[in-house]
Amino acid sequence: MNKQISILGIGWLGFPLAKALLNENYIIKGSTTSENKLQPLEKEHIQAFQLLLNEEGTSGSIQPFLEGSELLIINIPPGLRRNPEGNFVAKIQNLIPHIKNSDIKHVIFVSSTSVFADLDEIPLISEETIPNATSIAGKQLFEVEQLLQNQKKFDTTVLRFAGLFGPNRHPATMLSGKTNIKNPKAPVNLIHLNDCIGVIKTSIESSSWGQVFNASYPDHPEKAEYYSQVCQQMGLPKPEYEMNTPSKGKIINSDKIQNALEYEFLKDLYS
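The rules behind these values
Residues numbered from 1 in each chain as written. Predicted model: local features only at pLDDT ≥ 70, side-chain atom pairs only at ≥ 80, totals over all residues. Heavy atoms only, no water. Helix = DSSP H or I, 4+ residues; strand = E, 2+ residues; numbered from the N terminus. Rg over C-alpha atoms; globule rule 2.2 N^0.38 Å. Buried < 20%, exposed > 50% of the residue type's maximum accessible area, 1.4 Å probe, protein only. Contact = heavy atoms within 4.5 Å. Areas by Shrake-Rupley, 256 points an atom, 1.4 Å probe, with all protein chains shown as cover. Lys, Arg positive; Asp, Glu negative; His and termini not counted. Charge placed at Lys NZ, Arg CZ, Asp CG, Glu CD. Core = buried A, V, L, I, M, F, W, Y, C linked by side-chain atoms within 4.5 Å. Pairing = 2+ DSSP bridges. Polar contact = N/O pair within 3.5 Å; in protein donor to acceptor, adjacent residues only side chain to side chain. Salt bridge = Lys/Arg side-chain N within 4 Å of Asp/Glu carboxyl O. Arc of directions from axis to C-beta. Axes fitted to C-alpha atoms, helices over the stretch in contact; angles between N-to-C directions.

The next subject is the overall build of the protein chain. On a plain count of helices and strands, the protein chain comes out with nine helices and 12 strands. The C-alpha radius of gyration of the protein chain comes to 19 Å, within 12% of the 18 Å expected for a compact globule of 271 residues. Counting all 271 residues of the protein chain, 49% fall into the buried class. Considering only intrachain contacts with a sequence separation of at least 6, the fraction spanning at least 24 residues in the protein chain is 77%. By element, 46% of the accessible surface of the protein chain is carried by carbon and sulfur atoms, the whole surface being about 13,300 Å². Measuring between centres, the 25 positive side-chain charges of the protein chain sit 4 Å from its 29 negative side-chain charges.

Below you can see the structure in the form of structure tokens.
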């Protein structure tokens, strides 16, 4: 594979990922939806392109963004919290012809463990588990996974990350001080930003194309215990839980990335 990578979505994860890959002597092309971010990205030696995917098509310099790269990392969220009626699948369908008309041979799609539902029996989830999302976002993510993996012009590796946390981002800040929170005994499934970057880099270095990997830190404390402890560490009010109803959840098993990729996690849940 050549040393140029296109990253669709230079945000909270995409920007530090781009910098980490630049440190490995890759040439990075990155996309943003904001014109104001183009110059700051260029200052970081990222070749920046303003691109927008929508349900009607794509706008911006999509072909120059893809030109010369054999690997495309798709790192854009469905965006259904802001727009519940949005169609993420249609956006990716509009992107695929451009990928086919480019030099791209490999795609890494950053997906989510939300493709799996939380259940009463709290199942152990592996890559062999069939996704059964109940949320609209989870269903659309799984449909996009299948859409990309069914392409013959390029192969797609799917990385399903658990809940993301890292600098200036932690679910505890959203739960702090809230009351009557459900599922207090649900297992926590989280992964630190540094490990998201580490998993992506390891996937590239090992040429693990056409694979599916679930990625979550291997420890899974109960939700009530964990977030109470983290809020205390952060000096925030502890959340209060509804303890009288059964908890639903799941446990994301990350054995495959630890065995097949020989990946060792960098950050624990309290980092």
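Our next topic: the nonpolar core. By size, the foremost hydrophobic cluster in this structure holds 49 residues, and its most contacted members are Ile5, Ile7, Leu21, Ile73, Phe161, Ile200 and Ile204. No other element matches helix α7 (residues 193–205), which puts six residues into this core. With near-sequence residues (within four places) excluded, isoleucine 200 lies in contact with Leu17, Ile73, Ile108, Val110, Leu159 and Phe161.

The subject of this paragraph is the pairing of strand β5 (residues 71–74). Burial along β5 is two-sided: Leu71 and Ile73 and Leu72 and Ile74, pointing in opposite directions, are all buried. Note: strand β1 (residues 4–8) against β5, four bridges, orientation parallel. Considered in β5, the bridge of isoleucine 5 is made with leucine 71. The pairing of β5 with strand β6 (residues 106–112) spans four bridges and is classified as parallel. Following the sheet pairing, leucine 71 is matched in β6 by histidine 106.

Further remarks concern the side chain of serine 247. Mapped onto the fold, serine 247 is located in the loop between α8 (223–234) and β12 (251–252). Looking at serine 247, the relative accessible area reads 12%, which means it is buried. A polar contact of 3.0 Å, which involves the side chain of serine 247, links it to the backbone nitrogen of lysine 185. In this structure serine 247 touches Leu119, Asp120, Ile122, Asn183, Pro184, Lys185 and Ala186, once residues within four positions along its chain are discounted.

So, on to the pattern of salt bridges. For the coordinates displayed, the defined rule picks out five salt bridges. Between lysine 201 and glutamate 24 there is a salt bridge, and its shortest N-O distance comes to 3.3 Å. Pair noted here: lysine 201 is in helix α7 and glutamate 24 is in the loop between α1 (14–22) and β2 (27–32), with a separation of 177 residues, a long-range link. Overall, glutamate 24 belongs to the partly exposed group, its relative accessible area being 33%. Glutamate 145 is the partner of arginine 160 in a salt bridge, and the nearest nitrogen-oxygen pair spans 2.7 Å. In this pair, arginine 160 sits in strand β8 (residues 155–161) while glutamate 145 sits in helix α5 (residues 136–149), placing the two residues 15 residues apart along the sequence. Judged by its relative accessible area of 1%, glutamate 145 falls in the buried class.

Structurally, glutamate 262 is set in the segment after α9 (255–259). As for glutamate 262 and serine 206, which are separated by 56 residues in sequence, their C-alpha atoms are 9.7 Å apart.

Now for α1. Regarding α1, the residues found buried are Gly14, Leu17, Ala18, Ala20 and Leu21. When α1 is viewed along its axis, its buried side chains cluster within an angular range of 165° and face the same direction. Those residues of α1 that are buried lie in contact with β1, β2, β5 and α7.

Take the sheet that holds β2 next. The strand order β4-β3-β2-β1-β5-β6-β8-β11 describes an open sheet built from eight strands, whose pairing is mixed. On the outer flanks of this sheet lie β4 (58–60) and β11 (212–215), each paired with one strand and no other. Averaged over all pairs of adjacent strands, the angle between strand axes in this sheet comes to 20°, irrespective of strand direction. Against the sheet, α1 engages β1, β2 and β5, with an angle of about 175° to β1. Taken strand by strand, α7 contacts β1, β5, β6 and β8, and its axis lies near 160° from that of β8.

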